[in-house]
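Observations on the model geometry
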Amino acid sequence: QVQLVESGGGLVQAGGSLRLSCAASGRTLSNYDMGWFRQAPGKKRELVTASNPTGSSTFYIDSVKGRFSISRDNAKNTVNLQMNSLKPEDTAVYYCAARGAGVRVDYSSGYPYWGQGTQVTVSA
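Reference entry: report on the structure contained in this document. (Residues numbered from 1 in each chain as written. Predicted model: local features only at pLDDT ≥ 70, side-chain atom pairs only at ≥ 80, totals over all residues. Heavy atoms only, no water.)

As for the pattern of salt bridges
What counts, and what does not: We define a salt bridge as a contact between a side-chain nitrogen of Lys or Arg and a carboxyl oxygen of Asp or Glu at a distance within 4 Å. Every helix listed is a DSSP run of H or I at least four residues long, and every strand listed is a run of E at least two residues long, numbered separately from the N terminus. Using a 1.4 Å probe on the protein chains alone, a residue whose accessible area is under 20% of its type maximum counts as buried, one over 50% counts as exposed, and one in between counts as partly exposed.
Scanning the model with the defined rule gives six salt bridges in all. Asp90 is paired through a salt bridge with Arg67; the nearest N and O atoms lie 2.8 Å apart. One end of the pair, Asp90, is in the loop between strand S8 (78-83) and strand S9 (92-100); the other, Arg67, is in the loop between strand S6 (58-60) and strand S7 (68-73), with 23 residues separating them in the sequence. Across the salt bridge formed by Asp106 and Arg104, the nearest N and O atoms sit 2.6 Å from each other. Asp106 gets classed as partly exposed once you look at its relative accessible area, which sits at 30%. Through salt bridges with shared partners, one network takes in Arg38, Glu46, Arg67 and Asp90.

Here's what the structure looks like:
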């Protein structure tokens with residue numbers, strides 16, 4: 001079992017930055033793909049970015065490329081999401097998730113472990 005806890009959400013003006021963190025316990029993250037998902041009101045949850053266990057392979061949806069960056073510190077069992085140049089359309093609840101390695105990082109399915117989510121609100 002992997003327990004995940006996100007932190008770092010909040011309210012920010014458009015153009016600002018936030019850094020989300022996901023702390024894991026129960027298992028070392030060095031064996032897991034990690035993903036950040038988001039769900040906006042009335043919309044389906046979507047995979048925003050993902051990383052393989054070493055960070056050598058990452059995926060970003062087009063709308064966040066060049067603005068968001070996923071990083072992981074397996075020694076500290078944490079994964080971070082740096083979000084820059086935030087836009088109102090980035091407003092959502094953000095979740096980190098983990099799954100066993102070996103799946104293409106752009107595949108959004110197969111994540112059995114989820115955090116509780118953290119709210120990100122970007123004002124215009």
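Thoughts on the packing of aromatic side chains
For clarity, the cut-off: To pair, rings of Phe, Tyr and Trp, with the six-membered ring standing in for Trp, must have centres within 6.5 Å; the planes then decide the type, stacked if under 30 degrees apart, edge-to-face if over 60, and tilted in the middle.
The full count for this structure, using the stated rule, is five aromatic pairs. Centroid distance Tyr32 to Tyr113: 6.2 Å. Interplanar angle 80 degrees. Geometry classified as edge-to-face. Taken together, the positions of Tyr32 in strand S4 (residues 32-39) and Tyr113 in strand S10 (residues 113-114) put the pair 81 residues apart, joining distant regions of the chain. Geometrically, the ring pair formed by Tyr95 and Trp114 is edge-to-face, given 6.4 Å between the ring centres and 80 degrees between the ring planes. Separated by 19 residues along the polypeptide, Tyr95 in strand S9 and Trp114 in strand S10 bring together distant segments of the chain. Here the aromatic residues Phe37, Tyr95, Tyr111 and Trp114 are joined through ring pairs into a cluster of three or more.

A look at the sheet that holds strand S1 (residues 3-7)
Applied cut-off: Think of it this way: DSSP has to see at least two bridges between two strands before they count as a pair. Note on method: axes are straight lines fitted to C-alpha atoms, helices fitted across the in-contact stretch only, with angles between N-to-C directions ranging 0 to 180 degrees.
Sheet architecture is open: four strands sit in the order S1-S3-S8-S7, paired in antiparallel fashion. Either end of the sheet is taken by a strand with one partner, and the two such strands are S1 and S7. The sheet shows a mean angle of 15 degrees between the axes of neighbouring strands, direction not considered. Across six bridges, strand S3 (residues 18-25) lies against S8 in antiparallel orientation.

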